[in-house]
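An overview of the molecular structure
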Amino acid sequence: IDGLKGELMYRGYDIAYLAENKTFIDVAYLLLNKELPNKKQYDEFKLELKKRSFIHEGMMKIFDAFPDKAHPMAILQAAVSALSAFYFDHLNMDKPEEYHEMAMRIIAKIPTIAAFSYRFSRGLPIIYPNLDRGFTENFLYMMRSYPYEHVNLRPIEVKALDTVFMLHADHEQNASTTTVRTVGSTHAHPYACIAAGIGALWGWAHGGANEGVIRQLEQIGSVENVDKYIARAKDKNDPFRLMGFGHRVYKNFDPRAKIIKKAADDVLHALGIDDPIFDIAKHLEKVALEDDYFKSRNLYPNVDFYSGIIYKALGMHLEMFTVLFAIGRLPGWIAQWKEMRQGGEPIGRPRQIYTGAKERAFVALDKR
Ligand code: CMC
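**Regarding the packing of helix α14 (residues 276-290) against helix α16 (residues 303-313)**
- In the contact formed by α14 and α16, the axes pass within 11 Å of each other and the chain directions differ by 170°. Of the possible angle classes, the one that applies to α14 and α16 is roughly antiparallel. Relative to α16, the crossing made by α14 is left-handed. From α14, I277, F278, A281, L284 and E285 reach across to α16, where they touch F305, Y306, I309, K312 and A313.
- Residue composition of the contact of α14 with α16, grouped by class: eight nonpolar, no polar and two charged.

**Focus: the site of the ligand**
- Surveying the vicinity of the ligand reveals 22 residues, the closest of which are H206, R241, L242, G244 and R248.
- Contacts to the ligand include F245, whose backbone N or O atom sits 2.9 Å from a nitrogen atom.
- In the complex, the protein chains occlude 76% of the 940 Å² of accessible area that the ligand would expose alone.
- Of the residues assigned to the shell around the ligand, the class counts are ten nonpolar, six polar and six charged.

**Some thoughts on the nonpolar core**
- Within the largest apolar cluster, 121 residues are counted, with the highest numbers of intra-cluster contacts made by L76, F139, M316 and I334.
- Here the element with the most residues in this core is helix α6 (residues 96-121); it accounts for 13 residues.
- Other than its neighbours up to four places away in sequence, F139 contacts P111, A114, A115, L161, F165, M316, M320, L324 and I327.

What counts and what doesn't
- Residues numbered from 1 in each chain as written.
- Predicted model: local features only at pLDDT ≥ 70, side-chain atom pairs only at ≥ 80, totals over all residues.
- Heavy atoms only, no water.
- Axes fitted to C-alpha atoms, helices over the stretch in contact; angles between N-to-C directions.
- Helix = DSSP H or I, 4+ residues; strand = E, 2+ residues; numbered from the N terminus.
- Parallel < 35°, antiparallel > 145°, perpendicular 65-115°, else oblique.
- Left-handed = near helix turned anticlockwise from the far one by under 90°.
- Contact = heavy atoms within 4.5 Å.
- Nonpolar A, V, L, I, M, F, W, Y, C, P; charged D, E, K, R; others polar.
- Near = heavy atom within 4 Å.
- Polar contact = N/O pair within 3.5 Å; in protein donor to acceptor, adjacent residues only side chain to side chain.
- Areas by Shrake-Rupley, 256 points an atom, 1.4 Å probe, with all protein chains shown as cover.
- Core = buried A, V, L, I, M, F, W, Y, C linked by side-chain atoms within 4.5 Å.
- Buried < 20%, exposed > 50% of the residue type's maximum accessible area, 1.4 Å probe, protein only.

Below, the structure is given as structure tokens:
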């Protein structure tokens, strides 16, 4: 990432090139193997993922144990953690095939776990993976289909979601990736590390912002109220912040936001969606981009501002938004975990600056 230039590259390839010309499968392969796949490698990788997309039936009891309307992020985190019990391998990092198996399993199974988390949380019948469909298409199928009922998935919907997954695939030391690496530095099971990363992703300052964006647009309610909420965002006595604006590293613009804005426009147009919430989003974006408060602090819409819009256009339930981010981020988490382990990184152990009382005398209980 070059935050000042607003640049993002995966292993030397510009994100705009990848998003335009490649698929999430290519990007996952690139992050894991350092090179883009050729045709044969692509087909094999895709097939390997398909073969591993089912999960152990014993895991159904885990989904079943959650209460109705449980947040899918809670279910996802628990289920990914449980994967380490169902697929407990003592990894030998000197053996590439062991690492490969671990990585393929979790990339293949996470969309299935994510879709099952959603179906269980809404009391909907479970739809098993369909091996005739591609990676992203199969995920949408598991989310939307009903037993014995044909589901109509439009290529533009699959492409939009695939693009969002690609844009999320890796992003240097963000909070969740740092978490994965820190937990990994203790030599914990890799799936336990990913589960920890999912926990870090959940908060609104990180991946939870995409859910926050739509909740906030609903709260704003109409284009007429936008000015009122902009004023709240600028008021230092009000904790209100515009969700989907600002970034710790990008101080010019978020290159992912540019790409995803176009994908959002395309999808809204192609699906003929006319939802007032998108008018509010467009107006909010325009007003904020012209406002001195936002301009002087380099606060631009980030990737989560538009990803929420795409997810909503695809009919995703709000609580699934951060789960979708997790599916996209997975290849990055695994590649970073591998780099950390193979590099022999020592245990993550920051020191602290203690600012409390210095050494002091003990006072007996009856004298306190
Ligand atoms: N709305 C209003 N004011 C803001 C916002 C916002 N969204 N973001 C930052 N500011 C102000 C902040 O109050 C501060 O003002 P001042 O200098 O007067 O005190 C200034 O801008 C700098 O903010 P900061 O909190 O020091 O910036 P940061 O780099 O620590 O925070 C951030 C980055 C993303 C947490 C923050 O911009 C934010 O809370 N944004 C809203 C939540 C969001 O969209 N999160 C997704 C981030 S991108 C995807 C991801 O990482 O998952």
